[in-house]
Each structure stands twice: as C-alpha cells, then as structure tokens.
Amino acid sequence: RFLVHALSVQTPSNPPPHAVRESVHRAVHEMGTVSGAFASAPCAFRPLDASEADFLSPRQPSVGTGCWVLVTISGSSEADHQAHLRERSRTAAQRFLLTLACEGIQAEWVADPPDAAELRAGGIPMGREEAIGLIWCTEE
C-alpha cells in the first residue's frame, strides 16, 4: 500500500478573536524555520503584548481586535549588508503576511515603525535591533 500525500488548498476561514494571536504565533514559528542563505533568519517577528503595544494605537490601520508584530533586523556596520538584510526581511514579511492570509487573518504592513528610542520608551527592549516595520494582525 502506498500513502499518497497531496498539497491541499487552504481557504481562509473566519477565526474566533482568540485565534488571531495563535495564528500569529504559528506564523512566527514558521518564519523561524526559513533562513534562506543565512545560518539563521535575517529578521525577527516579535508579537507584542497589549502593554507593549498600547502606544502604537495611533498607527493602527484598521479597527478590530488584533495584535501587533514588530519586524526587526540585527544592526550591521556595513551599509551594503544592512541594505541586503532589509530587503531579505521585507521578503520574509511578505511570506509572513501570506501565511496569515491562509489562516484567515488580515495583516497589514506598516512601513514606518517608531525608532528604537520610541520603542524603548514604550517598554519594548531593542538591544542592537533595528525596527523595519510593523504588522497589524486582525480577524477578517
């Protein structure tokens, strides 16, 4: 007997509000397993809890229950390397958005994140990381 596995088509569903955060965590985990040409992923996807994200509400692109994901890259002293990391990370962010869409989660990219000082003031530790974007995730 042979067991045949086929690709299945995922259709978006209407997730319950608590499923948004669960879907985001699954997508973050998936992004951590895709490194491309790097020994590790070129960026990090950091879901923010309510207390960390409170100061971001003016940037929220749509109304609804959801959560923020901060997209960061590690700092590099080489300008060309930093530019390369930014581009690779934007590609990873597109994959992240697609992963969420397959789960019925609406995700919107915000390309103008607060700088590191603003994020620290909002209670988000940054270290040497640079924020390159935010993703607002909510139910469709």
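Below you will find a few notes about this structure. All figures in this text were calculated on a predicted structure; none of them were measured in a lab.

1. Topic: the overall build of the chain
Right, on to step 1. A tally of regular secondary structure across the chain gives four helices and four strands.
Right, on to step 2. Along the chain, from the amino end to the carboxyl end, the secondary structure elements read α-β-α-β-α-β-α-β.
Right, on to step 3. Here the chain, with 140 residues, has 34% of them falling under the buried criterion.
Right, on to step 4. Summarising the internal contacts of the chain: among those between residues at least 6 apart in sequence, 78% fall at separations of at least 24.
Right, on to step 5. Approximately 8400 Å² of the chain is accessible, and the part contributed by carbon and sulfur atoms is 54%.

2. Remarks on the packing of aromatic side chains
Right, on to step 1. Evaluated as defined, the whole model comprises two aromatic pairs.
Right, on to step 2. When the centroid spacing of 4.6 Å and the interplanar angle of 15° are considered together, the rings of F45 and F96 count as stacked. Of this pair, F45 sits in strand β1 (residues 43–47) while F96 sits in helix α3 (residues 79–102), and the two are 51 residues apart along the sequence.
Right, on to step 3. Judged by its relative accessible area of 0%, F96 is buried.
Right, on to step 4. When the ring of W68 is compared with that of W136, the centres are 5.2 Å apart and the planes differ by 55°; the resulting orientation is tilted. Taken together, the positions of W68 in strand β2 (residues 66–74) and W136 in strand β4 (residues 129–139) put the pair 68 residues apart, joining distant regions of the chain.
Right, on to step 5. Taking the relative accessible area as the measure of exposure, W68 reaches 2% and is therefore buried.
Right, on to step 6. Owing to a relative accessible area of 4%, W136 belongs among the buried residues under this scheme.

3. With respect to the environment of P47
Right, on to step 1. Positionally, P47 belongs in strand β1.
Right, on to step 2. Taking the C-alpha atoms as reference points, P47 and V24, 23 residues apart in sequence, are found 7.4 Å from one another.
Right, on to step 3. If near-sequence neighbours (up to four positions away) are discounted, P47 is found in contact with R21, V24, H25, V28, E52, W68 and V69.

4. As for the sheet that holds β1
Right, on to step 1. Pairing in this open sheet of four strands is antiparallel, and the strands run β1-β2-β4-β3 from one edge to the other. Among the strands making up the open sheet, the edge pair consists of β1 and β3 (105–110). Taken over all neighbouring pairs, the strand axes of this sheet differ in orientation by 25° on average, direction set aside.
Right, on to step 2. Looking at chain direction, β1 and β2 are connected through five bridges and run antiparallel. Residue pairing across strands places A44 opposite T72, the latter belonging to β2.
Right, on to step 3. Lying on the sheet, α3 is in contact with β1, β2, β3 and β4; it crosses β4 at an angle near 10°.

5. Comments concerning the side chain of E52
Right, on to step 1. On the secondary structure map, E52 appears in helix α2 (residues 50–53).
Right, on to step 2. Within the buried core, E52 has no salt-bridge partner, and the shortest N-O distance to an opposite charge, that of R46, equals 5.3 Å.
Right, on to step 3. Excluding its chain neighbours within four sequence positions, the residues that come into contact with E52 are P47, G122, G123, I124 and P125.

Conventions and cut-offs
Residues numbered from 1 in each chain as written. Predicted model: local features only at pLDDT ≥ 70, side-chain atom pairs only at ≥ 80, totals over all residues. Heavy atoms only, no water. Helix = DSSP H or I, 4+ residues; strand = E, 2+ residues; numbered from the N terminus. Buried < 20%, exposed > 50% of the residue type's maximum accessible area, 1.4 Å probe, protein only. Contact = heavy atoms within 4.5 Å. Areas by Shrake-Rupley, 256 points an atom, 1.4 Å probe, with all protein chains shown as cover. Phe/Tyr/Trp six-rings, centres within 6.5 Å; stacked < 30°, edge-to-face > 60°. Pairing = 2+ DSSP bridges. Axes fitted to C-alpha atoms, helices over the stretch in contact; angles between N-to-C directions. Lys, Arg positive; Asp, Glu negative; His and termini not counted. Salt bridge = Lys/Arg side-chain N within 4 Å of Asp/Glu carboxyl O.

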